[in-house]
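Take a look at the letters that make up each chain.
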Amino acid sequence: MMRALAAIVLVLIAALGVQSWRLSTAHNKIDAQVKDLAAQGKKLSQKNGQLIALNILTQTSSRAQTQLYAAAEQNGTLLRDRQRTIEELKRENDELRRWADAPLPDPVIRLRQRPALTGGQSYREWLSSNHPVPPGRSRATP
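Residues numbered from 1 in each chain as written. Predicted model: local features only at pLDDT ≥ 70, side-chain atom pairs only at ≥ 80, totals over all residues. Heavy atoms only, no water.

**Student:** Looking at this model, I keep getting lost on the overall build of the chain. Mind explaining?
**Tutor:** Scanning the chain for helices and strands turns up 4 helices and 0 strands. Secondary structure elements of the chain occur, N-terminal to C-terminal, as α-α-α-α. Working note: accessible area of the chain is about 13900 Å², and carbon and sulfur atoms make up 61% of it. (Helix = DSSP H or I, 4+ residues; strand = E, 2+ residues; numbered from the N terminus. Areas by Shrake-Rupley, 256 points an atom, 1.4 Å probe, with all protein chains shown as cover.)

**Student:** What is the right way to read the pattern of salt bridges from this model?
**Tutor:** For side chains bearing opposite charge, pairing can occur when the charged atoms are close. Under the criterion given, the structure shown has 5 salt bridges. In this structure, the salt-bridge partner of Glu-87 is Lys-90, at a minimum N-O distance of 4.0 Å. Here Glu-87 and its partner Lys-90 are both found in helix α1 (residues 2–92), 3 residues apart, which amounts to about one turn of the helix. Arg-97 is the salt-bridge partner of Asp-94, the closest N and O atoms lying 2.5 Å from each other. Taken together, the residues span about one helical turn, with Asp-94 and Arg-97 both in helix α2 (residues 94–101) at a distance of 3 residues. (Salt bridge = Lys/Arg side-chain N within 4 Å of Asp/Glu carboxyl O.)

**Student:** Looking at this structure, how should I read the environment of Asn-93?
**Tutor:** Inspection of the secondary structure assignment puts Asn-93 in the loop between α1 and α2. A polar contact of 3.3 Å, which involves the side chain of Asn-93, links it to the backbone nitrogen of Leu-96. (Polar contact = N/O pair within 3.5 Å; in protein donor to acceptor, adjacent residues only side chain to side chain.)

**Student:** What is the right way to look at the packing of α1 against α2 in this model?
**Tutor:** Where α1 meets α2, the closest approach of the two axes is 5 Å, and the angle between their N-to-C directions is 120°. In terms of orientation, α1 lies oblique with respect to α2. Contacts from Leu-89, Lys-90, Arg-91 and Glu-92 of α1 reach α2 at Asp-94, Leu-96, Arg-97, Ala-100 and Asp-101. Here the residues of the contact of α1 with α2 sort into 3 nonpolar, no polar and 6 charged. (Axes fitted to C-alpha atoms, helices over the stretch in contact; angles between N-to-C directions. Parallel < 35°, antiparallel > 145°, perpendicular 65-115°, else oblique. Contact = heavy atoms within 4.5 Å. Nonpolar A, V, L, I, M, F, W, Y, C, P; charged D, E, K, R; others polar.)

**Student:** Which parts of the structure should I look at to understand a nonpolar patch on the surface?
**Tutor:** On the surface, Met-2, Leu-5, Val-9 and Ile-13 cluster together to form a nonpolar patch covering roughly 410 Å² of accessible area. As for its placement among the helices and strands, Val-9 is situated in helix α1. (Patch = residues over 30% accessible without salt bridge, like charges linked within 9 Å, V, L, I, M, F, W, Y side chains within 5 Å.)

These figures capture arrangement, not role.
As structure tokens, then:
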């Protein structure tokens, strides 16, 4: 009987050891999952902050774009009104019509010509290849 009791105690101690080991393993897994969950929560809050900032930026951009479209529409309306006024004035005044229909002088045409620039480097090259403006007459100091 003593042997049976010793065997039962030994089996109970083994079962208790196995159960303790399983409990320790489960506890370690829970700790690791809590750490992972905290890290993911932190990442999620960072992403949420980024999304909020992006949303604010998008709204600001949308408002600015709407304002630009409104300004462009207003500029188009002003341009059409000015062109209509110019046409009316040209119909009313022969001297103004001749002046407006006359070709521009060559120096003015050259001032209005611009090359197709594709960036800062090409602009610098264009500037350095042009002839410099001749210096004006300096006043003699008395």
